[in-house]
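Summary of structural features
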Amino acid sequence: MSLLVVGLSHRSAPVSVLERASLSVDAQVKLLQDTVAAEPAAEAAVLATCNRIELYADVDKFHAGVAELSTLLAQHSGVGLEELTPYLYVHYEDRAVHHLFSVACGLDSMVVGEGQILGQIKDALARAQELHTAGRLLNDLFQQALRVGKRAHSETGIDRAGQSLVTFGLEQLAVGAPVEAWARGKKALVIGAGSMSSLAAATLARAGVGEIVIANRTPERAERLARILGEGDDTDVLARAVPMGSVPFELTRADVVVSCTGATGLVLTADAIAAGVEDRVGERPAVGAAPVEEAPVEEAPLPPTSVGAEEGCPLDLSAVRPGFSVMGEAAVAGMDAATLEQHAAWAAGTTVDRGRTGRTGRSGPETDAELIGALAATVSTVGRIPERRRPEPVAEPPRPEPVLFLLDLAMPRDIDAAAHRLAGVRLVDIESLAEASADAPMAADVDQVRRIVSDEVAAFGAAQRAAHITPTVVALRTMAADVVAGEIARLEGRLPGLDDKHRAEITQTVRRVVDKLLHAPTVRVKQLAAEPGGAGYADALRTLFDLDPETVASVSRAEESTEKNARNRGPA
């Protein structure tokens, strides 16, 4: 069996696809059950976060496994396989281990170094264990990933390379100001009471907001979170819980809104947000309204500021009518083609290439005809000879300062993306966080974490290969013990008068001989099996000693049963 992961993340797919492919808890459960029921897979685990969906499995066939896992992901996500396939990535064996360890360390996160992924990996393992879809391989893999992630955070400064998604989102809302200074005294509305929402509420409380309102579909969870926030020793914040029906009213009071729920549709529409800020921006901002066409304004005649003052102008300035710039269409009326060309070059700040006008350096009838034709074509297209001046810049009306700050951490999104266009509103969502984090600086600690990941991948592979040969070694020693027992029984039949002392001494001697003969080969075969490419040593050992495959398999089942019972009992 071999480790395989098929998935998509913010690195491989746009947010719109991730949003549609997101899996509810029920969908994750059904996906796990269907995966282990499929032929290629014996174990399965799902890691589903706001910016990644990954299906891990222990498969016996690579190509069949990729096809089956891809199909199952498409079926349970609701996105067609043809549409989903271009965004999927596949990792196999050591590359799959390397990928999960990198994820656990925060190297593959939208915000490098964020530590919330460890809790999500822990939840994924717990769900697979609860459904009995995680066997020895995935249990070992995910538990080791948690250890690697904790090691990276404790031994390096990877936390300095980035922040949690919540902190990073708040920094984007604050637009360069310190979050504590920006948040101090504000009223916050947190929609949802899950792990991400709870983290957001705690972060806002520590940042110094004056009030936090928790809204959740399950009132008990909202009340529990509000109670925890209100009783915190390191914060002084007024926290209260409200039903979801109170959200429209709370929007009219809130300065900051953080939303992260498991809803499949929008929690806050653009119209609801516009109504919430209506009284604070003077009038209700229109959502998706067509721009109002302004009445045409007659252009006043240009003052004759350039007449007689344009150095190098080829025109007879005394013939130019007052009120027009020598750069405009009135200035070129009545010019011959050669003068027109000179004027155009002068207006553009260039010179006329006389080498193109004829061998004598003078324009001819053909050149005149060509230039006049081009001029006529321009006039027929635009209706006039265009002026050579740059248009005056159009002043855009100033956008009012935000009065409502929205942070959407949900996938699929909770807040209507149309809120980006509302006056008085600043929205930061997963998509804008992805764009902002693309240019985030990478700390030197990242290289150290990458070395940790590489070392841990090698160690995990060696341990798995060594464990793979253990049942064969146990079966070999069991066979040797059976041989010793059979020979001692045959000796007793031939020497019935053998006393107990001598029988025990002979038995011990035979066992020592067998142990010494097997010691060096079994130790060495474990060492060789732990090296890359050492998987074949187990097969060689079974062939050389003619071991019964069923005996080896029974040893493996016994070990797995013991490990499973130990996990069910939990820590002592």
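Everything below is about the structure printed above this text.
My aim in this report is to walk through the structure given alongside it, one point at a time.

The rules behind the values
- Residues numbered from 1 in each chain as written.
- Predicted model: local features only at pLDDT ≥ 70, side-chain atom pairs only at ≥ 80, totals over all residues.
- Heavy atoms only, no water.
- Helix = DSSP H or I, 4+ residues; strand = E, 2+ residues; numbered from the N terminus.
- Buried < 20%, exposed > 50% of the residue type's maximum accessible area, 1.4 Å probe, protein only.
- Areas by Shrake-Rupley, 256 points an atom, 1.4 Å probe, with all protein chains shown as cover.
- Phe/Tyr/Trp six-rings, centres within 6.5 Å; stacked < 30°, edge-to-face > 60°.
- Core = buried A, V, L, I, M, F, W, Y, C linked by side-chain atoms within 4.5 Å.
- Contact = heavy atoms within 4.5 Å.
- Axes fitted to C-alpha atoms, helices over the stretch in contact; angles between N-to-C directions.
- Parallel < 35°, antiparallel > 145°, perpendicular 65-115°, else oblique.
- Left-handed = near helix turned anticlockwise from the far one by under 90°.
- Nonpolar A, V, L, I, M, F, W, Y, C, P; charged D, E, K, R; others polar.
- Disulfide = S-S within 2.5 Å.
- Pairing = 2+ DSSP bridges.
- Polar contact = N/O pair within 3.5 Å; in protein donor to acceptor, adjacent residues only side chain to side chain.
- Expected span 1.5 Å × (residues − 1).

**A word on the overall build of the chain**
Each helix and strand counted, the chain has 21 helices and ten strands in total. Burial analysis of the chain (572 residues in total) assigns 42% to the buried set. With an accessible surface of roughly 30700 Å², the chain has 53% of that area assigned to carbon and sulfur atoms.

**A look at unusual backbone geometry**
With an omega of 5 degrees, the peptide bond between Met411 and Pro412 qualifies as cis. Considering the arrangement of structural elements, one finds Pro412 in the loop between β9 (404-408) and β10 (425-428). Its identity as a non-glycine residue notwithstanding, Glu93 has a phi of 55 degrees, on the positive side. If you trace the backbone, Glu93 turns up in the loop between β4 (89-92) and α5 (94-105). Its relative accessible area of 34% is what places Glu93 among the partly exposed residues. Located in the positive-phi region is His132, a residue other than glycine, with phi close to 60 degrees. Following the sequence through the fold, His132 ends up in the loop between α6 (116-130) and α7 (136-155). Of the residues examined, His132 reaches a relative accessible area of 55% and is grouped as exposed.

**Considering the packing of aromatic side chains**
As enumerated under the stated definition, the model contains four aromatic pairs in all. Seen from their ring centres, Tyr56 and Phe142 are 5.4 Å apart, and the 80 degrees between their planes marks the pair as edge-to-face. Of the two residues, Tyr56 sits in strand β3 (residues 52-59) while Phe142 sits in helix α7, which places them 86 residues apart along the sequence. For the ring pair Trp182 and Phe405, a centre distance of 5.2 Å and an interplane angle of 90 degrees mean the geometry is edge-to-face. Pair noted here: Trp182 is in helix α10 (residues 179-183) and Phe405 is in strand β9, with a separation of 223 residues, a long-range link. Here Phe405 falls in the buried class, since its relative accessible area comes to 10%.

**Details of the nonpolar core**
Among the nonpolar cores identified, the biggest contains 67 residues, and Leu84, Leu165, Trp182, Ile212, Ile214 and Leu409 are the most heavily contacted of them. When sequence neighbours within four positions are dropped, the list of residues in contact with Trp182 reads Leu170, Leu173, Ala174, Val256 and Phe405. Residues Ala45, Leu107, Leu125 and Leu138 belong to the second largest nonpolar core, which totals 36 residues.

**As for the packing of helix α9 (residues 165-174) against helix α11 (residues 195-207)**
Relative to each other, α9 and α11 sit at 55 degrees, their axes nearing to 9 Å. By the angle between their axes, α9 is oblique relative to α11. In the crossing of α9 with α11, the sense of the turn from one axis to the other is right-handed. Here Leu165, Val166, Thr167 and Leu170 of α9 come into contact with α11, specifically with Met196, Leu199, Ala200, Thr203 and Leu204. Grouping the constituent residues of the contact of α9 with α11 by class yields seven nonpolar, two polar and no charged.

**Considering the state of the cysteines**
All chains considered together, the criterion is met by zero disulfides. Cys50 takes part in no disulfide bond, and the closest cysteine sulfur to it belongs to Cys260, at a distance of 6.8 Å.

**What to know about the environment of Val59**
In this structure, Val59 sits in strand β3. C-alpha of Val59 to C-alpha of Glu39: the two residues are 20 residues apart in sequence and 8.6 Å apart in space.

**Let's talk about the sheet that holds strand β7 (residues 238-242)**
Strand order in the open sheet made by the six strands is β7-β6-β5-β8-β9-β10, with parallel pairing throughout. The sheet is open, and its two edges are formed by β7 and β10, each paired on a single side. Averaged over all neighbouring strand pairs, the angle between strand axes comes to 15 degrees, with direction disregarded. As defined by bridge partners, strand β6 (residues 211-215) adjoins β7 across five bridges and the pair is classed as parallel. Bridge assignment links Ile212 to a residue of β7, and that residue is Ala239. In the packing of α9 onto the sheet, contacts are made with β8 (256-259), β9 and β10, and the angle to β9 comes to roughly 150 degrees. Of the strands in this sheet, β5 (187-191), β6 and β8 are in contact with α11, which crosses β5 at around 170 degrees.

**Details of the side chain of Thr261**
Structurally, Thr261 is set in the loop between β8 and α14 (270-277). A polar contact is formed between the side chain of Thr261 and the backbone nitrogen of Ala263, at a distance of 3.2 Å. Residues within four places of Thr261 in sequence aside, it is in contact with Ile191, Gly192, Val267, Ala410 and Asp414.

**Comments concerning the packing of helix α18 (residues 445-494) against helix α20 (residues 536-544)**
Contact pair α18 / α20: the axes reach a minimum separation of 9 Å and the direction vectors enclose 15 degrees. Relative to α20, the element α18 lies roughly parallel. Considering how the two elements wind past one another, α18 and α20 form a crossing that is left-handed. Residue-level inspection shows His468, Ile469, Thr472, Val473 and Leu476 of α18 in contact with α20, the latter providing Tyr537, Ala538, Leu541 and Arg542.

**Examining the sheet that holds strand β1 (residues 2-9)**
Two strands in a sheet stick together by hydrogen bonds in their backbones, pointing the same way (parallel) or opposite ways (antiparallel). If you walk across this open sheet you meet the four strands as β2-β3-β1-β4, and the pairing is antiparallel. Of all the strands in the sheet, the pair left with one neighbour each is β2 (41-49) and β4. Strand-to-strand twist of the sheet, defined as the mean angle between neighbouring strand axes without regard to direction, takes the value 15 degrees. In this sheet, β3 lies alongside β2 in antiparallel orientation, the contact comprising eight bridges.

**Here we look at α6**
Taking 1.5 Å of rise per residue, 15 residues should cover 21 Å, and α6 covers 21 Å from first to last C-alpha, within 8% of that figure. Buried within α6 are the following residues: Gln116, Ile117, Leu118, Ile121, Ala124, Leu125 and Ala128. Count one or two residues on from α6 and you reach His132, which has phi positive near 60 degrees.

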